[in-house]
Amino acid sequence: MIAFRSVEWLGDHLRLLDQRSLPGQVQYVDLTDHRSVAAAISNMTVRGAPVIGVSAAYGLVLAANADTNLDGAALREHLEIAADELLRARPTAVNLRWALRRVMDRVNAIRNDSAAAIREAVVLEANRIYREDIEVNRAIGAHGATLVPDRANIVHHCNTGALGTVDHGTALGVIRSAHAMNRQVHVFVDETRPRLQGARLTVWELTQLGVPNTLIVDGAAAHIMRTIGIDLCLVGCDRVAANGDVANKIGTYQLALAARAHGVPFYVAAPLSTLDRQTASGDMIEIEERAAAEVTTIGDTLITLPGVAVRNPAFDITPAEYVTAFITEKGIVYPPFEEGLAKLFN
Ligand code: MRU
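Rules behind the numbers
Residues numbered from 1 in each chain as written. Predicted model: local features only at pLDDT ≥ 70, side-chain atom pairs only at ≥ 80, totals over all residues. Heavy atoms only, no water. Near = heavy atom within 4 Å. Polar contact = N/O pair within 3.5 Å; in protein donor to acceptor, adjacent residues only side chain to side chain. Areas by Shrake-Rupley, 256 points an atom, 1.4 Å probe, with all protein chains shown as cover. Helix = DSSP H or I, 4+ residues; strand = E, 2+ residues; numbered from the N terminus. Nonpolar A, V, L, I, M, F, W, Y, C, P; charged D, E, K, R; others polar. Domains from an automatic or database assignment. Contact = heavy atoms within 4.5 Å. Buried < 20%, exposed > 50% of the residue type's maximum accessible area, 1.4 Å probe, protein only. Pairing = 2+ DSSP bridges. Salt bridge = Lys/Arg side-chain N within 4 Å of Asp/Glu carboxyl O. Axes fitted to C-alpha atoms, helices over the stretch in contact; angles between N-to-C directions.

Now for the site of the ligand. If you check the shell around the ligand, you find 17 residues, and the closest are Arg47, Arg90, Asp238, Asn248 and Lys249. For the ligand, an oxygen atom lies 2.8 Å from a polar atom in the backbone of alanine 49. Glutamine 197 has a polar side-chain atom sitting 2.8 Å from an oxygen atom of the ligand. Computed on the free molecule, the ligand has an accessible area of 420 Å², of which 99% lies beneath the protein chains in the complex. Taken together, the elements giving at least two residues each to the shell around the ligand come down to helix H2 (49-65) and strand E9 (246-249). Each residue belonging to the shell around the ligand can be placed in one class, and the counts come to 6 nonpolar, 7 polar and 4 charged. There are two domains that each give the shell around the ligand at least three residues, and those are domain 1 (7-138) and domain 2 (142-343).

And the structure:
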(Lines give C-alpha, C1' and ligand atoms only; values in the text may rest on other atoms or scores of the structure.)
Protein backbone atom coordinates (compact mmCIF):
# COMPACT_ATOMS: atom_id res chain seq x y z
CA MET A 1 0.00 0.00 0.00
CA ILE A 2 1.23 3.47 -0.88
CA ALA A 3 -0.02 6.00 1.64
CA PHE A 4 1.23 9.30 0.27
CA ARG A 5 0.41 11.78 -2.44
CA SER A 6 3.27 13.49 -4.26
CA VAL A 7 1.02 16.40 -5.24
CA GLU A 8 -2.41 17.54 -4.08
CA TRP A 9 -4.56 20.57 -4.84
CA LEU A 10 -6.37 21.61 -1.68
CA GLY A 11 -8.82 24.15 -3.08
CA ASP A 12 -6.72 27.23 -2.38
CA HIS A 13 -3.17 25.96 -2.25
CA LEU A 14 -0.86 23.24 -3.52
CA ARG A 15 0.58 20.58 -1.22
CA LEU A 16 3.76 18.78 -2.27
CA LEU A 17 5.48 15.91 -0.55
CA ASP A 18 9.01 17.18 0.06
CA GLN A 19 11.05 14.54 -1.77
CA ARG A 20 14.33 16.00 -0.54
CA SER A 21 13.85 14.71 2.98
CA LEU A 22 12.76 11.16 2.08
CA PRO A 23 12.99 8.50 3.28
CA GLY A 24 14.00 9.90 6.69
CA GLN A 25 11.14 12.32 7.05
CA VAL A 26 7.73 12.41 5.40
CA GLN A 27 6.86 16.08 5.33
CA TYR A 28 4.71 18.24 3.10
CA VAL A 29 5.09 21.82 1.93
CA ASP A 30 2.09 24.08 1.28
CA LEU A 31 2.53 26.54 -1.58
CA THR A 32 0.36 29.57 -2.19
CA ASP A 33 2.01 31.33 -5.15
CA HIS A 34 3.39 30.25 -8.50
CA ARG A 35 6.94 31.42 -7.78
CA SER A 36 7.15 29.03 -4.83
CA VAL A 37 6.01 26.25 -7.18
CA ALA A 38 8.75 27.17 -9.68
CA ALA A 39 11.29 27.14 -6.83
CA ALA A 40 10.01 23.75 -5.59
CA ILE A 41 10.50 22.33 -9.09
CA SER A 42 14.01 23.83 -9.41
CA ASN A 43 15.21 22.70 -6.00
CA MET A 44 13.62 19.29 -6.48
CA THR A 45 11.16 19.38 -3.60
CA VAL A 46 9.07 17.82 -6.36
CA ARG A 47 10.81 15.86 -9.14
CA GLY A 48 10.00 13.41 -11.91
CA ALA A 49 8.76 14.54 -15.31
CA PRO A 50 4.99 13.90 -15.02
CA VAL A 51 4.58 15.34 -11.52
CA ILE A 52 6.52 18.51 -12.28
CA GLY A 53 4.12 19.07 -15.20
CA VAL A 54 1.11 18.63 -12.91
CA SER A 55 2.67 20.89 -10.25
CA ALA A 56 3.34 23.60 -12.85
CA ALA A 57 -0.30 23.42 -14.00
CA TYR A 58 -1.38 24.11 -10.41
CA GLY A 59 1.23 26.86 -10.29
CA LEU A 60 -0.86 28.54 -12.98
CA VAL A 61 -3.97 28.07 -10.84
CA LEU A 62 -2.20 29.93 -8.02
CA ALA A 63 -1.15 32.64 -10.49
CA ALA A 64 -4.74 32.93 -11.74
CA ASN A 65 -6.06 33.36 -8.19
CA ALA A 66 -3.34 35.76 -7.04
CA ASP A 67 -5.10 39.02 -7.86
CA THR A 68 -8.88 38.98 -8.12
CA ASN A 69 -8.91 42.63 -9.25
CA LEU A 70 -7.40 41.84 -12.66
CA ASP A 71 -9.71 41.98 -15.65
CA GLY A 72 -9.64 39.25 -18.27
CA ALA A 73 -6.99 40.82 -20.51
CA ALA A 74 -4.67 41.60 -17.60
CA LEU A 75 -5.17 38.10 -16.22
CA ARG A 76 -4.18 36.49 -19.55
CA GLU A 77 -1.02 38.59 -19.60
CA HIS A 78 -0.24 37.69 -15.98
CA LEU A 79 -0.70 33.99 -16.78
CA GLU A 80 1.63 34.15 -19.80
CA ILE A 81 4.36 35.65 -17.59
CA ALA A 82 3.75 33.06 -14.85
CA ALA A 83 3.88 30.23 -17.43
CA ASP A 84 7.26 31.53 -18.62
CA GLU A 85 8.59 31.61 -15.07
CA LEU A 86 7.37 28.08 -14.40
CA LEU A 87 8.80 26.82 -17.70
CA ARG A 88 12.26 28.04 -16.74
CA ALA A 89 12.26 25.98 -13.52
CA ARG A 90 13.84 22.91 -15.21
CA PRO A 91 14.78 22.61 -18.88
CA THR A 92 14.90 18.91 -19.80
CA ALA A 93 11.53 17.34 -18.91
CA VAL A 94 9.12 18.26 -21.69
CA ASN A 95 6.12 17.56 -19.45
CA LEU A 96 6.59 21.00 -17.96
CA ARG A 97 6.08 22.68 -21.35
CA TRP A 98 3.33 20.22 -22.24
CA ALA A 99 1.26 20.89 -19.11
CA LEU A 100 1.71 24.67 -19.23
CA ARG A 101 0.77 24.69 -22.91
CA ARG A 102 -2.36 22.64 -22.23
CA VAL A 103 -3.55 25.10 -19.61
CA MET A 104 -2.65 28.15 -21.70
CA ASP A 105 -4.33 26.71 -24.80
CA ARG A 106 -7.48 26.28 -22.74
CA VAL A 107 -7.20 29.89 -21.54
CA ASN A 108 -6.68 31.13 -25.10
CA ALA A 109 -9.68 29.16 -26.33
CA ILE A 110 -12.05 31.16 -24.10
CA ARG A 111 -13.92 33.60 -26.27
CA ASN A 112 -15.09 36.12 -23.69
CA ASP A 113 -12.71 38.11 -21.52
CA SER A 114 -14.25 37.30 -18.17
CA ALA A 115 -11.57 36.79 -15.54
CA ALA A 116 -13.85 34.38 -13.69
CA ALA A 117 -14.20 32.18 -16.80
CA ILE A 118 -10.42 32.16 -17.25
CA ARG A 119 -9.84 31.20 -13.61
CA GLU A 120 -12.34 28.40 -13.88
CA ALA A 121 -10.77 27.09 -17.09
CA VAL A 122 -7.30 27.05 -15.50
CA VAL A 123 -8.34 24.97 -12.49
CA LEU A 124 -10.49 22.61 -14.60
CA GLU A 125 -7.58 21.90 -16.95
CA ALA A 126 -5.10 21.41 -14.10
CA ASN A 127 -7.52 18.94 -12.47
CA ARG A 128 -7.93 17.14 -15.79
CA ILE A 129 -4.16 16.79 -16.22
CA TYR A 130 -3.93 15.47 -12.64
CA ARG A 131 -6.65 12.84 -13.16
CA GLU A 132 -5.39 11.79 -16.59
CA ASP A 133 -1.92 11.17 -15.20
CA ILE A 134 -3.28 8.44 -12.93
CA GLU A 135 -5.19 6.74 -15.77
CA VAL A 136 -2.20 6.99 -18.12
CA ASN A 137 0.12 5.37 -15.59
CA ARG A 138 -2.30 2.52 -14.92
CA ALA A 139 -2.51 1.88 -18.67
CA ILE A 140 1.30 1.94 -18.98
CA GLY A 141 1.45 -0.51 -16.07
CA ALA A 142 -1.04 -2.88 -17.72
CA HIS A 143 0.73 -2.84 -21.11
CA GLY A 144 4.19 -3.06 -19.57
CA ALA A 145 3.33 -5.97 -17.28
CA THR A 146 2.93 -8.17 -20.37
CA LEU A 147 6.70 -7.78 -20.91
CA VAL A 148 7.63 -8.93 -17.41
CA PRO A 149 8.11 -12.70 -17.07
CA ASP A 150 7.55 -14.49 -13.78
CA ARG A 151 10.66 -14.59 -11.58
CA ALA A 152 12.13 -11.64 -13.48
CA ASN A 153 15.23 -9.85 -12.29
CA ILE A 154 14.85 -6.20 -13.24
CA VAL A 155 17.23 -3.23 -13.16
CA HIS A 156 15.50 0.10 -12.56
CA HIS A 157 17.14 3.53 -12.71
CA CYS A 158 16.22 6.72 -10.80
CA ASN A 159 12.66 6.98 -9.43
CA THR A 160 9.67 6.60 -11.71
CA GLY A 161 7.00 5.71 -9.16
CA ALA A 162 4.11 7.41 -7.42
CA LEU A 163 6.59 10.08 -6.33
CA GLY A 164 7.50 11.02 -9.90
CA THR A 165 3.87 11.00 -11.04
CA VAL A 166 0.48 11.71 -9.47
CA ASP A 167 0.11 8.01 -8.68
CA HIS A 168 1.17 4.50 -9.72
CA GLY A 169 4.27 5.50 -11.67
CA THR A 170 5.58 4.78 -15.16
CA ALA A 171 8.47 2.25 -15.19
CA LEU A 172 7.93 1.56 -11.51
CA GLY A 173 4.22 1.38 -12.31
CA VAL A 174 4.99 -1.51 -14.68
CA ILE A 175 6.77 -3.30 -11.84
CA ARG A 176 3.86 -2.49 -9.53
CA SER A 177 1.31 -3.87 -12.00
CA ALA A 178 3.35 -7.04 -12.59
CA HIS A 179 3.66 -7.52 -8.81
CA ALA A 180 -0.10 -7.00 -8.38
CA MET A 181 -0.61 -9.80 -10.96
CA ASN A 182 1.39 -12.06 -8.64
CA ARG A 183 4.49 -12.17 -10.84
CA GLN A 184 7.48 -12.73 -8.65
CA VAL A 185 9.91 -9.98 -9.51
CA HIS A 186 13.13 -8.80 -7.96
CA VAL A 187 14.27 -5.26 -8.58
CA PHE A 188 17.92 -4.23 -8.57
CA VAL A 189 17.68 -0.55 -7.77
CA ASP A 190 20.39 1.71 -9.18
CA GLU A 191 21.23 4.14 -6.39
CA THR A 192 21.28 6.94 -9.02
CA ARG A 193 24.12 9.28 -8.17
CA PRO A 194 24.32 12.10 -7.37
CA ARG A 195 20.89 12.76 -5.83
CA LEU A 196 20.22 9.13 -4.98
CA GLN A 197 16.63 8.94 -6.22
CA GLY A 198 17.03 5.15 -6.38
CA ALA A 199 18.44 4.68 -2.90
CA ARG A 200 16.19 7.24 -1.23
CA LEU A 201 12.92 7.08 -3.16
CA THR A 202 12.62 3.89 -5.23
CA VAL A 203 13.67 1.61 -2.37
CA TRP A 204 11.15 3.42 -0.15
CA GLU A 205 8.32 2.94 -2.64
CA LEU A 206 9.12 -0.68 -3.54
CA THR A 207 9.39 -1.62 0.12
CA GLN A 208 5.97 -0.09 0.87
CA LEU A 209 4.56 -2.11 -2.04
CA GLY A 210 6.17 -5.33 -0.80
CA VAL A 211 8.26 -5.71 -3.96
CA PRO A 212 11.58 -7.47 -3.22
CA ASN A 213 14.46 -5.15 -4.02
CA THR A 214 18.23 -4.89 -3.74
CA LEU A 215 20.11 -1.62 -3.82
CA ILE A 216 23.19 -1.45 -6.04
CA VAL A 217 25.60 1.34 -6.96
CA ASP A 218 25.14 2.53 -10.54
CA GLY A 219 28.47 1.01 -11.56
CA ALA A 220 27.35 -2.49 -10.46
CA ALA A 221 24.58 -2.97 -13.04
CA ALA A 222 26.79 -4.54 -15.74
CA HIS A 223 28.40 -6.85 -13.20
CA ILE A 224 24.96 -7.98 -11.94
CA MET A 225 23.90 -8.64 -15.55
CA ARG A 226 26.97 -10.80 -16.13
CA THR A 227 26.97 -12.67 -12.82
CA ILE A 228 23.40 -12.95 -11.52
CA GLY A 229 21.50 -12.38 -14.75
CA ILE A 230 18.97 -9.66 -15.50
CA ASP A 231 15.83 -10.26 -17.56
CA LEU A 232 15.00 -6.67 -18.40
CA CYS A 233 15.81 -3.03 -17.64
CA LEU A 234 12.95 -0.63 -16.99
CA VAL A 235 13.47 3.13 -16.98
CA GLY A 236 11.36 6.24 -17.38
CA CYS A 237 12.13 9.33 -19.42
CA ASP A 238 12.05 13.12 -19.33
CA ARG A 239 11.79 13.69 -23.06
CA VAL A 240 11.71 11.43 -26.10
CA ALA A 241 12.70 12.99 -29.42
CA ALA A 242 10.75 12.21 -32.58
CA ASN A 243 13.41 9.67 -33.63
CA GLY A 244 13.17 7.79 -30.31
CA ASP A 245 16.29 9.19 -28.61
CA VAL A 246 15.64 9.28 -24.87
CA ALA A 247 16.60 11.94 -22.34
CA ASN A 248 16.52 10.45 -18.86
CA LYS A 249 18.41 10.57 -15.58
CA ILE A 250 22.17 10.56 -15.91
CA GLY A 251 23.41 6.97 -16.03
CA THR A 252 20.56 5.72 -18.23
CA TYR A 253 22.80 5.66 -21.31
CA GLN A 254 25.50 3.54 -19.72
CA LEU A 255 22.82 1.17 -18.40
CA ALA A 256 21.44 0.82 -21.94
CA LEU A 257 24.95 0.09 -23.27
CA ALA A 258 25.47 -2.58 -20.63
CA ALA A 259 22.05 -4.06 -21.42
CA ARG A 260 22.90 -4.28 -25.12
CA ALA A 261 26.25 -5.93 -24.38
CA HIS A 262 24.48 -8.59 -22.31
CA GLY A 263 21.45 -9.10 -24.57
CA VAL A 264 19.08 -7.66 -21.93
CA PRO A 265 15.90 -5.94 -23.23
CA PHE A 266 15.87 -2.23 -22.40
CA TYR A 267 12.35 -0.79 -22.01
CA VAL A 268 11.44 2.87 -21.62
CA ALA A 269 8.08 3.71 -20.03
CA ALA A 270 6.89 6.85 -21.77
CA PRO A 271 3.56 8.64 -21.38
CA LEU A 272 2.56 10.57 -24.51
CA SER A 273 3.11 13.77 -22.50
CA THR A 274 6.84 12.97 -22.56
CA LEU A 275 7.04 12.47 -26.32
CA ASP A 276 8.34 15.63 -27.97
CA ARG A 277 7.42 15.60 -31.64
CA GLN A 278 8.90 19.07 -32.13
CA THR A 279 12.41 17.82 -31.36
CA ALA A 280 13.91 15.72 -34.12
CA SER A 281 16.71 14.01 -32.18
CA GLY A 282 18.34 13.81 -28.78
CA ASP A 283 21.12 16.18 -29.89
CA MET A 284 18.59 19.01 -29.74
CA ILE A 285 17.48 18.34 -26.16
CA GLU A 286 18.81 20.73 -23.53
CA ILE A 287 20.52 18.80 -20.76
CA GLU A 288 20.23 20.42 -17.36
CA GLU A 289 23.51 21.01 -15.55
CA ARG A 290 23.09 21.19 -11.80
CA ALA A 291 25.23 22.52 -8.96
CA ALA A 292 28.70 21.03 -8.37
CA ALA A 293 27.82 20.55 -4.70
CA GLU A 294 25.51 17.66 -5.66
CA VAL A 295 28.64 15.76 -6.70
CA THR A 296 31.22 17.04 -4.23
CA THR A 297 29.20 16.51 -1.06
CA ILE A 298 27.18 13.77 0.56
CA GLY A 299 24.79 15.37 3.00
CA ASP A 300 26.85 18.21 4.42
CA THR A 301 30.18 16.40 4.05
CA LEU A 302 32.66 17.38 1.36
CA ILE A 303 33.97 14.14 -0.19
CA THR A 304 36.64 15.58 -2.48
CA LEU A 305 39.05 18.48 -2.65
CA PRO A 306 37.48 21.89 -2.29
CA GLY A 307 37.28 23.68 -5.65
CA VAL A 308 37.71 20.53 -7.79
CA ALA A 309 36.45 20.91 -11.39
CA VAL A 310 33.04 19.23 -11.70
CA ARG A 311 30.57 18.46 -14.47
CA ASN A 312 27.09 17.56 -13.26
CA PRO A 313 24.75 16.83 -16.17
CA ALA A 314 21.45 15.75 -14.61
CA PHE A 315 20.37 13.78 -17.70
CA ASP A 316 21.86 11.95 -20.65
CA ILE A 317 20.68 10.88 -24.09
CA THR A 318 20.25 7.21 -24.87
CA PRO A 319 20.25 6.82 -28.66
CA ALA A 320 17.09 5.13 -29.95
CA GLU A 321 19.06 2.14 -31.25
CA TYR A 322 19.61 0.96 -27.64
CA VAL A 323 15.89 1.02 -26.77
CA THR A 324 14.08 -2.30 -27.21
CA ALA A 325 10.61 -0.74 -26.97
CA PHE A 326 8.62 2.13 -25.51
CA ILE A 327 5.76 1.33 -23.15
CA THR A 328 3.05 3.97 -23.58
CA GLU A 329 -0.55 4.26 -22.42
CA LYS A 330 -1.58 3.37 -25.97
CA GLY A 331 0.50 0.22 -26.14
CA ILE A 332 4.03 -0.98 -26.77
CA VAL A 333 6.02 0.59 -29.59
CA TYR A 334 8.85 -1.35 -31.26
CA PRO A 335 11.29 -0.02 -33.90
CA PRO A 336 11.19 1.73 -36.27
CA PHE A 337 10.38 4.35 -33.65
CA GLU A 338 9.99 7.40 -35.86
CA GLU A 339 6.86 5.90 -37.45
CA GLY A 340 5.64 4.00 -34.38
CA LEU A 341 5.78 7.01 -32.06
CA ALA A 342 4.19 9.35 -34.63
CA LYS A 343 1.27 6.92 -35.10
CA LEU A 344 0.36 7.24 -31.40
CA PHE A 345 -0.87 10.77 -32.09
CA ASN A 346 -3.20 9.83 -34.93
O1 MRU B 1 15.97 14.77 -11.85
P2 MRU B 1 14.72 13.97 -11.66
O3 MRU B 1 14.70 13.17 -10.41
O4 MRU B 1 13.50 14.82 -11.86
O5 MRU B 1 14.75 12.92 -12.88
C6 MRU B 1 13.68 12.04 -13.01
C7 MRU B 1 13.89 11.02 -14.05
O8 MRU B 1 14.87 11.02 -14.75
C9 MRU B 1 12.78 10.02 -14.25
O10 MRU B 1 13.29 8.85 -14.81
C11 MRU B 1 11.72 10.59 -15.21
O12 MRU B 1 11.38 11.90 -14.91
C13 MRU B 1 10.48 9.75 -15.20
S14 MRU B 1 9.53 9.92 -13.68
C15 MRU B 1 8.12 9.00 -13.94
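Mapped onto the elements, phenylalanine 266 comes out in strand E10 (residues 266-269). Put simply, phenylalanine 266 and serine 281 are 15 residues apart on the chain and 19 Å apart in space, counted from C-alpha to C-alpha. In this structure, phenylalanine 266 is in contact with Cys233, Val235, Thr252, Leu255, Ala256, Ala259, Tyr322, Val323, Thr324 and Ala325, ignoring residues within four places of it in sequence.

A few words now on the pairing of strand E7 (residues 232-235). Neither face of E7 is open: one carries Leu232 and Leu234, the other Cys233 and Val235, and all of them are buried. Across 3 bridges, the pairing between strand E4 (residues 152-156) and E7 is parallel. Residue pairing in the sheet places histidine 156 in a bridge with leucine 234 of E7. As defined by bridge partners, E7 adjoins E10 across 3 bridges and the pair is classed as parallel. Of the residues in E10, the one forming a bridge with leucine 234 is tyrosine 267.

Looking at where threonine 192 falls in the secondary structure, it is placed in the loop between strand E5 (185-190) and helix H7 (197-209). The sequence separation of threonine 192 and glycine 219 amounts to 27 residues, and the corresponding C-alpha distance is 9.7 Å. The contact partners of threonine 192, leaving out residues within four places of it in the chain, are His157, Cys158, Gln197, Gly198, Asp218 and Lys249. Reaching out from threonine 192, the side chain makes a polar contact with the backbone nitrogen of cysteine 158 at a distance of 2.9 Å.

Inspection of the entire model under this criterion finds 19 salt bridges. Of the charged contacts in the structure, one is a salt bridge between aspartate 113 and arginine 76, with a shortest N-O distance of 2.9 Å. Taken as a pair, aspartate 113 in the loop between helix H4 (94-108) and helix H5 (115-145) and arginine 76 in helix H3 (residues 72-87) lie far apart in primary sequence, 37 residues in all. Overall, arginine 76 belongs to the buried group, its relative accessible area being 17%. Put simply, arginine 106 and glutamate 125 hold a salt bridge, and the shortest N to O gap is 3.1 Å. Of this pair, arginine 106 sits in helix H4 while glutamate 125 sits in helix H5; the two residues are 19 residues apart in sequence, bridging distant segments of the chain.

The next subject is the sheet that holds strand E2 (residues 14-17). Taken in spatial order, the 3 strands of this open sheet run E1-E2-E3, and their pairing is antiparallel. On the outer flanks of this sheet lie strand E1 (7-9) and strand E3 (28-31), each paired with one strand and no other. This sheet shows a mean twist of 20 degrees between the axes of neighbouring strands, independent of strand direction. As paired strands, E2 and E3 are joined by 4 bridges and run antiparallel to one another. If you follow arginine 15 over to E3, its bridge partner there is aspartate 30.

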